[in-house]
Amino acid sequence: MIRFEQVGKVYPDGTTAVDDLSFEVAEGELVTLVGPSGCGKTTTMMMVNRLIEPTSGRILVDGEDIAGVDPVKLRRRIGYVIQQVGLFPHRTVLDNTATVPALIGWRKARARERAAELLDLVGLDPSVYGSRYPAQLSGGQRQRVGVARALAADPPVLLMDEPFGAVDPVVRERLQNEFLKLQSQVRKTILFVTHDIEEAVRLGDRIAVYGQGRIEQFDTPAAVLGAPATPYVARFVGADRGLKRLSVTTIEEDDLEQPPVARLDEPAGAAAARMRAEGARWAVVLDPDGDLHGWVSADALTIAGEQGTVADLARRMDAWVPLGAPLKKAFSEMLQYDAGWVAVVDGAHFAGVLTPAKLHEALRRSVDADERGIARDEVDFDSVSDA
Ligand code: ADP
Ligand code: MG
C-alpha cells in the first residue's frame, strides 16, 4: 500500500536525513518507525504526503508513484496526526474534527454528523465535548480529537508522528490501548513514528528500527526483540528485551497443557475416583457446554464421598486469559494469584492451561522461529535484508 524504493533525502544544507530506504507497508498494516531523535523518522513520514520531496528513489501509494500525484489530492487520501495536534483554538471540537470533510466539500450537516461519529469512536461523547474548545480539553483528549480529525474523511492511509509523545505515561498507555482497538475496527494502513521502543513493539505489526538515516531491521516485534539483526538494534531494544518479548509473543493452542477435567454435573464420588486413578490433585471444572467454571481439588471430592456433585465443591476460577493474549498477561496472572498455572479460554470455552514450563517453551519457540527465519517479512529488497 505504501512502498519506498531506494528513497533518499538530502536537505539543501547537505544533511543526509535518510538514505536508500526500501520497505513496504501492506494494506491494513501498522508499521512503527522507531529510532533516536534525528535519525530521519519525520523526514520519512513527510515524504509520504509530499510535505517533503525525496532527492532520490520513489514512493508509491496504492501502486501509484506519488511524484505524479497532485499533493492536495494525495493528502485527502492520507490522514496526518502529529504530536502538537494543531487544533484550531477558536473552533469547537466538533468543527475541528469536521475540518477535512468540510474542506473537501461535504455538506455542513453531513460533515458534523461524521465528526460526531468519529468523536464517539475515539471515546469522546460528542454531546459533552463537541461544543468545547481545545483549551478546555486535557492533553489526552486533544490527542483523541487529533486522531478523530485524521480519520474523519475516512482516508485509507494514516501517518502518525509521535502522536502520544506529549502525554503522561498512564494516559499514554490508555491512548495506545484505545488506538489498537480502534485500528482493529478501521484497519487503516498506518505509518507510526515513535522514539519509544515500548510503544513501537506494542503497536506495530512490524517495526522499522532506524539507525542514522537507514533501517537497521524491519521485522515483527517478536523477531526484533528475539533476534536483533545488528549490535545497534540489540542495544536499542535494551537488555530487557527478553521481558519485552513476553508482551509480543502470544499464547497459542500448542502451548497449552490439558489438565484433568471434571464436569459440573458429575457425581463427586465418580470424579474423585477418576482423579485418583490419574494421580491428579485437582481438576479444571467445566460446565456442560465445555465453558470454564472453576476448579476442584481431589481432596475435597474425596471427603464429600458419595454425596453431591462436583458443582457443590467447585471453586470459581480467579485467573484466566484468552487464547492469543500476550504471554505477559498469563505471567502477570500467575504472579498476582501466586498460581502454578493459568487457565486459557477461547471465548468462554476452556482451551487448556498454561504452566511456567510451557510459557518458557513458548518464548523459546518464538526465538527459534525467528532464527530459522520463519517470522521474517517478505520484503526482499537487498537494502532491507542487508540491514
Ligand atoms: P527524527 O524525526 O527522527 O527526529 P528528522 O527526520 O526530523 O528526524 O531529521 C533527520 C535529520 O535531518 C536530522 O539530522 C535533522 O537535523 C535533519 N533535518 C530535518 N529537517 C531539516 C531541514 N529542513 N534542513 C536541514 N536538515 C534537516
Ligand atoms: Mg521527528
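Reading guide: rules and limits
- Residues numbered from 1 in each chain as written.
- Chains lettered and ligands numbered in written order.
- Predicted model: local features only at pLDDT ≥ 70, side-chain atom pairs only at ≥ 80, totals over all residues.
- Heavy atoms only, no water.
- Domains from an automatic or database assignment.
- Pairing = 2+ DSSP bridges.
- Helix = DSSP H or I, 4+ residues; strand = E, 2+ residues; numbered from the N terminus.
- Contact = heavy atoms within 4.5 Å.
- Axes fitted to C-alpha atoms, helices over the stretch in contact; angles between N-to-C directions.
- Buried < 20%, exposed > 50% of the residue type's maximum accessible area, 1.4 Å probe, protein only.
- Parallel < 35°, antiparallel > 145°, perpendicular 65-115°, else oblique.
- Left-handed = near helix turned anticlockwise from the far one by under 90°.
- Near = heavy atom within 4 Å.
- Polar contact = N/O pair within 3.5 Å; in protein donor to acceptor, adjacent residues only side chain to side chain.
- Areas by Shrake-Rupley, 256 points an atom, 1.4 Å probe, with all protein chains shown as cover.
- Nonpolar A, V, L, I, M, F, W, Y, C, P; charged D, E, K, R; others polar.
- Arc of directions from axis to C-beta.

> Please clarify how the domain arrangement of the chain should be interpreted in this entry.
It is common to report an interface's size as the accessible area lost on association of the parts. Under the domain assignment used here, the chain contains domain 1 (2-245) and domain 2 (253-361). With centres defined by C-alpha atoms, the gap from domain 1 to domain 2 works out at 43 Å.

> Please explain the sheet that holds strand β14 (residues 315-316) as it appears in this structure.
Paired through their backbone hydrogen bonds, the strands of a sheet run either parallel or antiparallel. In spatial order, the strands read β11-β12-β13-β14; together these four strands make up an open sheet with mixed pairing. Looking at the sheet topology across the chains shown, the edges are occupied by β11 (261-263) and β14. Note: strand β13 (residues 292-297) against β14, two bridges, orientation antiparallel. Its bridge partner lying in β14, Trp295 is registered against Arg315. Across the sheet, helix α13 (residues 268-278) is in contact with β11, β12 (282-286) and β13; its angle to β11 comes to roughly 170°.

> Hey, could you run me through helix α1 (residues 41-48) in this one?
At 3.6 residues per turn, the α-helix brings residues three or four places apart onto the same side. Burial within α1 is extensive, with six of its eight residues counted as buried. Along α1, the residues that are buried comprise Lys41, Thr43, Thr44, Met45, Met47 and Val48. A positive backbone phi angle near 60° is found at Arg50, which sits one or two residues after α1.

> Explain the packing of helix α5 (residues 108-121) against helix α7 (residues 139-151) here, please?
Any two packed helices are characterised by the angle at which their axes cross and by the distance between the axes. Where α5 meets α7, the closest approach of the two axes is 9 Å, and the angle between their N-to-C directions is 135°. Accordingly, the angle class assigned to the pair α5 and α7 is oblique. Where α5 crosses over α7, the two elements pack in a sense that is right-handed. On the side of α5, the interface is formed by Arg114, Leu118 and Leu119, while α7 contributes Val145, Ala148 and Leu151.

> Please explain the site of ligand 1 as it appears in this structure.
Around ligand 1, the surrounding shell consists of Tyr11, Asp13, Thr15, Ala17, Pro36, Ser37, Gly38, Cys39, Gly40, Lys41, Thr42 and Thr43. Within the side chain of Thr42, an N or O atom sits 2.8 Å from an oxygen atom of ligand 1. Within the side chain of Thr43, a nitrogen or oxygen atom sits 2.5 Å from an oxygen atom of ligand 1. Its free accessible area being 560 Å², ligand 1 has 62% of it covered by the protein chains. When grouped by side-chain class, the residues that make up the shell around ligand 1 number four nonpolar, six polar and two charged.

> Mind showing me how you'd approach the pairing of strand β2 (residues 16-25) here?
Side-chain direction in a regular strand flips from residue to residue, so the side chains alternate between the two faces of the sheet. Bridge analysis of strand β1 (residues 2-10) against β2 gives six bridges, and the strand direction is antiparallel. Directly across from Phe4, in β2, lies its bridge partner Phe23. Linking β1 to β2, which pair antiparallel, is a turn of five residues; within it Gly14 sits at a positive phi near 95°.

> When you look at the sheet that holds strand β8 (residues 189-194) in this model, what are you seeing that I'm missing?
Read across the sheet, six strands follow the order β6-β7-β8-β3-β9-β10 without closing on themselves; strand pairing throughout is mixed. Of all the strands in the sheet, just β6 (78-82) and β10 (215-219) have a single pairing partner and so form its edges. Each strand of the sheet is rotated relative to its neighbour by a mean of 15°, with strand direction disregarded. Packing of α7 onto the sheet brings it into contact with β6 and β7 (157-161), and relative to β6 it is tilted by some 165°.

> Can you help me understand α13 in this one?
Among all positions of α13, only Ala268, Gly269, Ala271, Ala272 and Met275 are buried. Down the axis, α13 shows its buried residues gathered within 160° of arc, on one side only. Of the exposed residues in α13, the ones pointing more than 90 degrees away from its buried face are Ala277 and Glu278. Buried residues in α13 make contact with β11, β12, β13, α14 (298-304) and α15 (310-313). Looking one or two residues past α13, Gly279 carries a phi angle of roughly 70°, positive in sign.

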